[in-house]
Amino acid sequence: MAEPTYRTLEMLARLLVLVTGTRISYVGEENVPRRGGAVVAINHTSYLDWLPAALAMKRRRRRLRFMIKAEMQRVKVVNFMIRRTRTIPVDRDAGADAYAVAVQRLREGELVGVYPEATISRSFELKEFKTGAARMALEADVPIIPVIVWGAQRIWTKGCPKRLGHFGRTKMAVVVHVGPPLRAAGDIARTDAALREAMTRLLHQVQQRYPHPAGEYWVPRRLGGSAPTLQEAAQMDADAAAARAVGRALHQSRWR
């Protein structure tokens, strides 16, 4: 399949990495199967995790079909790319259709990229997982590929200044570590637990090898950084959700 739009985006992504000086290293890329469907489960610390994860798949001559929140379709250029790259929009209030599409893509031999944590982790530790990755793998009878992306949170993450646009000066190191495929363990709970254990192990390995200067905002508290703890981050997420709910209610009241 030629997929000219996807091919163009791949070239643009590589150009972006080049001009910003970002250094991406890949570990375990041989764990990505050359063919056949698989759920690619990625940790979520940045708005940019998708880019190095997709480039890791490209090194194995594979393309990643991400599941993305449906609200992004409101942006014309993003909607154009969604429709031409077989990206799967997800309506969080009615996700059954997207789930069915994802399972079908897996059965067709595609790689489907998911974030088990659903939203960005402000603590840079693994949050509680949603069960979608495990459920899809079980239903489609495909493996799960655990993937850790680390370092992208230094460039752009939730609640922190962006470090975009500093062409040639960013020079951030990003690591993509791909773990061995996991077979579904017979039921959702066990599969989900096995995935979390594998991703936790990979995350800790990558973190220990990556420099973690004391006090830095992008370094987990456990490693001496100033990032919020899991509990603090959960409260921040809850406060943000409450504020959004109030905003929606006010918006709706104005139009009554």
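One can find the structure itself at the top, above this paragraph.
Residues numbered from 1 in each chain as written. Predicted model: local features only at pLDDT ≥ 70, side-chain atom pairs only at ≥ 80, totals over all residues. Heavy atoms only, no water.

Q: What exactly am I supposed to notice about a positive patch on the surface here?
A: A contiguous patch of positive charge on the surface is contributed by Lys69, Arg92, Arg244 and Arg248. Within the secondary structure layout, Lys69 lies in strand β3 (residues 64–69). (Patch = residues over 30% accessible without salt bridge, like charges linked within 9 Å, V, L, I, M, F, W, Y side chains within 5 Å. Areas by Shrake-Rupley, 256 points an atom, 1.4 Å probe, with all protein chains shown as cover. Salt bridge = Lys/Arg side-chain N within 4 Å of Asp/Glu carboxyl O. Lys, Arg positive; Asp, Glu negative; His and termini not counted. Charge placed at Lys NZ, Arg CZ, Asp CG, Glu CD. Helix = DSSP H or I, 4+ residues; strand = E, 2+ residues; numbered from the N terminus.)

Q: Would you mind going over unusual backbone geometry with me for this structure?
A: A negative phi angle is the norm for most residues apart from glycine, just as the trans form is the norm for most peptide bonds. Look at Arg86: it is not a glycine, yet its phi comes out positive at around 60 degrees. As for its placement among the helices and strands, Arg86 is situated in the loop between α3 (76–84) and β4 (88–90). On the basis of relative accessible area, Arg86 is assigned to the partly exposed category, the value being 23%. Its identity is not glycine, yet Phe124 carries a phi of approximately 65 degrees, on the positive side. The residue Phe124 is located in the loop between β5 (111–114) and α5 (132–140) in this model. (Buried < 20%, exposed > 50% of the residue type's maximum accessible area, 1.4 Å probe, protein only.)

Q: Looking at this model, I keep getting lost on the packing of aromatic side chains. Mind explaining?
A: To describe a pair of aromatic rings, you give the distance between the ring centres and the angle between the ring planes. Within the structure shown, the criterion is met by two aromatic pairs. Between Tyr47 and Trp156, the ring centres sit 4.9 Å apart and the planes meet at 45 degrees, which makes this aromatic pair tilted. Here Tyr47, found in the loop between β2 (38–42) and α2 (50–58), pairs with Trp156, found in the loop between β6 (144–150) and β7 (173–178); they are 109 residues apart in sequence, far enough to count as distant. Assessed through its relative accessible area of 27%, Trp156 is described here as partly exposed. On the basis of an interplanar angle of 85 degrees and a centroid distance of 5.9 Å, the ring pair of Tyr210 and Trp218 is categorised as edge-to-face. Accessibility assignment for this pair places Tyr210 and Trp218 in one class, buried. When the ring centre of Trp218 is taken as origin, the NZ or CZ atom of Arg154, which lies over that ring, is 4.6 Å away. (Phe/Tyr/Trp six-rings, centres within 6.5 Å; stacked < 30°, edge-to-face > 60°. Lys NZ or Arg CZ within 6 Å of the ring centre and 35° of its normal.)

Q: Can you walk me through the pairing of β3 in this structure?
A: Along any regular strand, the residues point their side chains to alternate faces of the sheet. Pairing analysis gives three bridges linking β3 to β5, with the strands arranged parallel. Bridged to Leu64 within β5 is Leu111. The sheet contact formed by β3 and β4 spans three bridges and is parallel. Across the sheet, the residue bridging to Met67 is Ile88, located in β4. Tracing the backbone out of β3, into α3 and back to the parallel element β4 gives a crossover that is right-handed. (Pairing = 2+ DSSP bridges. Right-handed = clockwise from strand over helix to strand, strands pointing away.)

Q: I keep staring at a nonpolar patch on the surface and nothing clicks. Help me out?
A: Among the surface-exposed residues, Leu12, Leu15, Leu16, Leu18 and Val19 lie close enough to one another that they form a single nonpolar patch of about 450 Å² accessible area. Looking at the secondary structure, you find Leu12 in helix α1 (residues 4–20).

Q: Teacher, can you tell me more about the nonpolar core here?
A: For soluble globular proteins, the rule of thumb is that nonpolar side chains tend to be buried together. Counting 34 residues, the largest nonpolar core has Val39, Leu106, Val114, Met136, Leu195 and Met199 as the members making the most contacts within it. Among the elements of the structure, β2, β4, α4 (96–107), β5, α5, β6, β7 and α6 (188–209) are those that each provide at least two residues to this core. The contacts of Met199, once residues within four sequence positions are left out, are Ala41, Ile42, Asn43, Pro116, Leu126, Phe129, Pro146, Val147 and Ile148. Listed in part, the 23 residues of the second largest apolar core include Val32, Val40, Leu48 and Ala152. (Core = buried A, V, L, I, M, F, W, Y, C linked by side-chain atoms within 4.5 Å. Contact = heavy atoms within 4.5 Å.)

Q: Looking at this model, I keep getting lost on the sheet that holds β4. Mind explaining?
A: Strand pairing within a sheet occurs via backbone hydrogen bonds; the two strands may be parallel or antiparallel. Here seven strands make up an open sheet; going across it, the order is β1-β7-β6-β2-β5-β3-β4 and the pairing mixed. The sheet terminates laterally at β1 (23–27) and β4, the two strands that pair on one side only. Direction aside, the axes of adjacent strands within the sheet are offset by 25 degrees on average. Here β1 pairs with β7 via five bridges, running parallel. Within the sheet, the bridge partner assigned to Ser25 lies in β7 and is Val175. (Axes fitted to C-alpha atoms, helices over the stretch in contact; angles between N-to-C directions.)

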